[in-house]
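Structure at a glance
Residue-level listing of the chains:
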Amino acid sequence: MDISRILLVEDEAIIAMLYHVQLRHLGHEVWRHVTTGEEAVDLAERERPDLVLVDIHLAGKMDGIEAAQKISAMAGAPVPIIFISGYSSQEVRGRAARLQPVAFLEKPVSLEMLKGVLERVVGNPKPASAPNA
Amino acid sequence: MPLARDLLSAGTIRVDAESRLGDALPEIHKNRSTHAAVYERDRFSCVIPLHALLPGNPQRIFADLVASRALPVRPGSTSIDEIGRMIEGSSPDGVGITDEQGRFEGVVTKDALLGARLVESKAKAVEMDGRRGELERLVAERTDALRAAVVQLEREIAERKLVQARIEQTLREKETLIEELFHRTRNTLQMIMGLVALQAEANPESGALARAAARTTQRIQAIARVHQCLYQSGDLSRVSVRDCLHGISRELLQNATATGVAPEVHLDIEDQRFLIDTVVPLGLVFSELLANALQHAFPAGRAGNIRVSLKRQGAASSVLTFSDDGVGVPGNFDAWNQPALGLRLVQSIGVTQLGGKVEVSNIGGLSFRLEFPHPVAPARV
């Protein structure tokens with residue numbers, strides 16, 4: 001599966017820079033980087049991403065799960081979602097799991113963690129449904 | 001010759017409905033000479049000797065009544081009330097009274113008898129009223145006391161509910177705060193990892209810096225894993241060391257299998273609960289040893305086994321043993337004088353922080369033994 005259009009949704013600048021570096025090390029590039037859920041939804045409506053890497057806690061009123069939900073509900077083939085979060089409560093995990101994301105990665109995210117998940121996405125013609133990384 | 005009832009109506013003998021029968025008897029007795037002349041015994045179907053009506057002689061009444069056959073007297077009847085009831089309906093003019101010799105003394109009308117009974121009933125009613133009044137007063141008092149108690153209880157329940165709501169609110173705030181703190185900590189660790197990685201990225205010519213950055217990020221990851229143990233334990237004073245070490249192992253193996261074949265890890269961890277002061281350094285030692293073995297002992301997807309055990313030793317200490325059957329190390333390997341930081345960290349944490357003793361063996365692969373005392377520090381929370 002082609003993931004040349006990776007949409008990164010992360011409001012912490014340094015962490016976003018780290019993901020840029022990690023993805024580059026793994027042979028990928030961030031296609032677009034936005035800091036709010038609203039921006040992510042707007043962008044996804046205009047141009048469909050191949051993969052969404054989204055933090056759950058975001059600037060703005062919409063959190064990452066809500067943004068992912070709106071993107072998933074858009075017409076067309078489902079977009080693979082990877083959640084990244086420092087929140088790992090059952091409530092947050094439960095909400096995220098309902099969207100059947102490719103993975104739910106807990107911060108801090110290592111290069112190895114990201115590599116394993118991306119390999120699964122690239123290797124699958126359709127988005128995987130495993131809730132955990 | 002006047003009838004007995006005429007004498008009665010003339011007021012010669014005053015026995016009326018308002019009088020007690022007992023009160024009337026002395027009056028009858030006093031006028032017996034007057035009434036001796038008007039002896040009309042036959043006019044009365046019921047004649048009772050006067051003395052029989054006097055207090056203390058109830059049985060005589062029955063004897064005379066039985067003898068006169070005027071009334072169907074039942075054996076065992078003893079009270080004036082019952083006599084009255086028997087007289088009713090069978091003696092229209094009343095009851096004749098005689099002296100001991102059977103001479104006519106006077107008459108007690110049915111009304112008088114009924115009146116006496118009425119008065120007695122009234123007295124009883126008054127008595128009952130009195131008792132009822134007392135009972136009602138007591139009931140009212142008790143009712144008032146109960147009402148006051150209910151009001152007090154309702155007030156106390158409301159206060160308790162308020163306190164409970166405050167406690168629940170505080171608990172929710174505490175849980176939210178802890179959740180937020182853990183989130184912030186993870187975010188901060190992620191930022192530190194980012195800074196280290198960015199620093200290495202900014203110096204692409206330095207392979208040593210890149211390696212150091214990679215190893216440092218792994219150690220930051222290890223701290224995060226231990227941190228996760230604390231968060232998941234729910235009790236920061238008594239963290240399950242078994243859950244914690246299993247969690248660390250799972251995550252390290254997950255990363256290892258993502259990059260290739262990993263060895264089998266066999267954990268035999270006795271379920272003990274330690275203070276965070278023990279779990280954190282112990283988790284770091286375990287993480288360092290496991291990451292080191294996964295990275296160096298099984299190169300190029302080599303299969304093998306890693307065995308870890310944690311057991312109590314006596315009442316006051318525990319022993320962590322760690323061994324692998326990987327490629328091993330040279331015979332002259334000195335674990336504590338390696339340029340790499342990992343084993344020095346194990347030594348330093350094991351000895352200075354846990355107050356334990358670390359031994360290393362190089363027979364059939366590397367093995368470590370850390371014996372450490374159980375914590376004596378009081379729980380912090």
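From a predicted model like this one, the values you see are computed outputs, not experimental measurements.

What counts, and at which threshold
Along each chain, numbering runs from 1 in the same order as the chain's sequence is written. Lettering of chains starts at A and numbering of ligands starts at 1, both following the order in which they are written. Totals for whole chains, interfaces and linings use all residues, but because this is a predicted model, local features are given only for residues with pLDDT of at least 70 and pairs of side-chain atoms are given and counted only at 80 or more. Note that water and hydrogens are dropped before the side-chain values are worked out from all heavy atoms of the structure. Helical segments are the DSSP runs of H or I of at least four residues, strand segments are the runs of E of at least two, and each set is numbered from the N terminus. Pairs of residues are marked as contacts when any of their non-hydrogen atoms sit within 4.5 Å. Areas reported as accessible are Shrake-Rupley estimates using a 1.4 Å probe. Residue values count occlusion only from the protein chains shown. Residue exposure (1.4 Å probe, protein chains only): buried if accessible area is under 20% of the type maximum, exposed if over 50%, otherwise partly exposed. Each pair of aromatic rings taken from Phe, Tyr and Trp, with Trp reduced to its six-membered ring, is defined by centres within 6.5 Å and is described as stacked if the planes are under 30 degrees apart, edge-to-face if over 60, and tilted in the remaining cases. The convention used is that axes are lines fitted to C-alpha atoms, helices contributing only their stretch in contact, and that angles between N-to-C directions extend from 0 to 180 degrees. Working rule for angles: under 35 degrees goes down as roughly parallel, over 145 as roughly antiparallel, 65 to 115 as roughly perpendicular, anything else as oblique. Crossings are sorted by hand: turned counterclockwise from the far helix by less than a right angle, the near helix makes the crossing left-handed, and turned clockwise it makes it right-handed. In this classification, Asp, Glu, Lys and Arg are treated as charged, Ala, Val, Leu, Ile, Met, Phe, Trp, Tyr, Cys and Pro as nonpolar, and every other residue, Gly included, as polar. Here pLDDT means the predictor's own confidence in every residue, given as a number from 0 to 100. Any two strands with at least two DSSP-identified bridges between them are counted as paired. Two cysteine sulfur atoms make up a disulfide if the distance between them is within 2.5 Å. Simply put, the buried area is the total loss of 1.4 Å probe accessible area from both parts when two parts are fitted together. Salt bridges are counted wherever a side-chain nitrogen of Lys or Arg sits within 4 Å of a carboxyl oxygen of Asp or Glu. N or O atoms closer than or at 3.5 Å make up a polar contact, with two conditions inside protein: a donor-capable atom paired with an acceptor-capable one, and, for residues adjacent in sequence, both atoms drawn from side chains.

Each helix and strand in chain B was counted, giving 11 helices and 10 strands. Contacts in chain B between residues at least 24 apart in sequence constitute 65% of all its contacts with a sequence separation of at least 6. A total of about 21,200 Å² of accessible surface is found on chain B, and carbon and sulfur atoms cover 55% of it.

This part is about the overall build of chain A. Across its full length, chain A carries five helices and five strands. Ordered by position from N to C terminus, the α and β elements of chain A give β-α-β-α-β-α-β-α-β-α. The 133 residues of chain A split such that 52% are buried. Long-range pairs, those at least 24 residues apart, make up 65% of the contacts in chain A between residues at least 6 apart in sequence. Of the roughly 5,700 Å² that chain A leaves accessible, carbon and sulfur atoms contribute 52%.

Before going further, it helps to examine the packing of aromatic side chains. Residues and elements named next belong to chain B. A complete count under the given rule lists three aromatic pairs over all chains for this structure. Between Phe274 and Phe372, the ring centres sit 6.0 Å apart and the planes meet at 75 degrees, which makes this aromatic pair edge-to-face. With a gap of 98 residues between them, Phe274 in strand E6 (residues 273–274) and Phe372 in strand E10 (residues 367–373) connect regions that are remote in the sequence. Judged by relative accessible area, Phe372 falls into the buried class, the value being 1%.

Turning to the packing of helix H1 (residues 13–25) of chain A against helix H5 (residues 111–123) of chain A, a few remarks are in order. All names here are of chain A. Packing of H1 against H5 leaves a shortest axis separation of 10 Å and a crossing angle of 60 degrees. Between H1 and H5, the angle falls in the class oblique. Seen from above, H1 lies across H5 with right-handed handedness. Here Gln22, Leu23 and His25 of H1 lie close against H5, whose contacting residues are Leu111, Leu114 and Leu118. Partitioned by chemical class, the residues of the contact of H1 with H5 number four nonpolar, two polar and no charged.

Turning next to the confidence of the model for chain A. Mean pLDDT over chain A works out to 88, with 92% of the residues at or above the 70 mark. Per-element mean pLDDT across chain A ranges from 87 in H5(A) up to 97 in strand E1 (residues 6–9) of chain A.

With that out of the way, let us pick up the side chain of B:Arg215. All names here are of chain B. Structurally, Arg215 is set in helix H8 (residues 207–233). Owing to a relative accessible area of 16%, Arg215 belongs among the buried residues under this scheme. If near-sequence neighbours (up to four positions away) are discounted, Arg215 is found in contact with Glu288, Ala291, Asn292 and Gln295.

This paragraph deals with the sheet that holds strand E2 (residues 30–34) of chain A. All names here are of chain A. Pairing in this open sheet of five strands is parallel, and the strands run E2-E1-E3-E4-E5 from one edge to the other. Of all the strands in the sheet, just E2 and strand E5 (103–106) have a single pairing partner and so form its edges. Neighbouring strand axes in the sheet, compared pairwise and without regard to direction, differ in orientation by 20 degrees on average. Of the pairings in the sheet, the one linking E1 to strand E3 (residues 51–55) comprises four bridges and is parallel in character. By the bridge assignment, Ile6 is partnered in E3 with Leu51. On the sheet, H5 packs against E3, strand E4 (81–85) and E5 and is oriented at approximately 170 degrees with respect to E5.

Residues and elements named next belong to chain B. In this structure the tally under the stated criterion is one disulfide over all chains. The partner cysteine of Cys229 in its disulfide is Cys244, sulfur to sulfur 2.3 Å. The chirality of the disulfide connecting Cys229 with Cys244 is right-handed, given an S-S dihedral of about 90 degrees. Within this pair, whereas Cys229 is found in helix H8, its partner Cys244 is found in helix H9 (residues 241–259), the two being separated by 15 residues in sequence. Note on accessibility: Cys229 and Cys244 belong to one class, buried.

Attention now goes to unusual backbone geometry. Residues and elements named next belong to chain A. That bond from Lys107 to Pro108 is cis: its omega, -5 degrees, falls within 30 degrees of zero. Along the polypeptide, Pro108 turns up in the loop between E5 and H5. Even without a glycine there, the phi angle at Gln100 is positive, about 50 degrees. You can see Gln100 is positioned in the loop between helix H4 (90–97) and E5.

Another point: the sheet that holds strand E7 (residues 305–313) of chain B. All names here are of chain B. The strand order across the open sheet formed by five strands is E5-E7-E8-E10-E9, and the pairing between neighbours is mixed. Of all strands in the sheet, those with a lone pairing partner are strand E5 (264–269) and strand E9 (357–361), marking the two edges. If you compare each strand with its neighbour and ignore which way they point, the axes differ by 10 degrees on average. Direction of pairing for strand E8 (residues 317–324) relative to E10: antiparallel, over a ladder of seven bridges. Looking across to E10, one finds that Ser317 is bridged to Pro373. Those strands touched by helix H10 (residues 276–296) are E5, E7, E8 and E10, and its axis lies near 10 degrees from that of E8. Where helix H11 (residues 341–353) meets the sheet, its contacts fall on E9 and E10, and the angle it forms with E9 comes to roughly 145 degrees.

This part is about the packing of helix H2 (residues 37–46) of chain A against helix H3 (residues 64–72) of chain A. Residues and elements named next belong to chain A. Here H2 crosses H3 at 10 degrees, and the two axes come no closer than 9 Å. Here H2 lies roughly parallel to H3, going by the angle between them. Judged by the sense of rotation from one axis to the other, the crossing of H2 with H3 is right-handed. On H3, the residues that touch Gly37, Ala40, Val41 and Ala44 of H2 are Ala67, Lys70 and Ile71. Residues of the contact of H2 with H3, tallied by class, amount to five nonpolar, one polar and one charged.

The subject of this paragraph is the interface of chain A and chain B. Each side of the interface is counted separately: chain A has 25 residues, and chain B has 24 residues. For the pairing of chain A and chain B, the buried interface totals around 2,300 Å² over both sides, and the portion due to carbon and sulfur atoms is 57%. Summed over the three residues of chain A that lose the most area to chain B, namely A:Ile14, A:Tyr87 and A:Pro108, the buried surface amounts to 26% of that side. Linking B:Glu201 and A:Arg24 is a salt bridge whose minimum nitrogen-to-oxygen distance equals 3.0 Å. For the pair chain A and chain B, the interface holds 11 residue pairs in polar contact (both at pLDDT 80 or more). Breaking the side of chain A that touches chain B down by element, the ones donating at least two residues are H1 and H5 of chain A. With eight residues, H1(A) is the largest single contributor of residues to the side of chain A that touches chain B.

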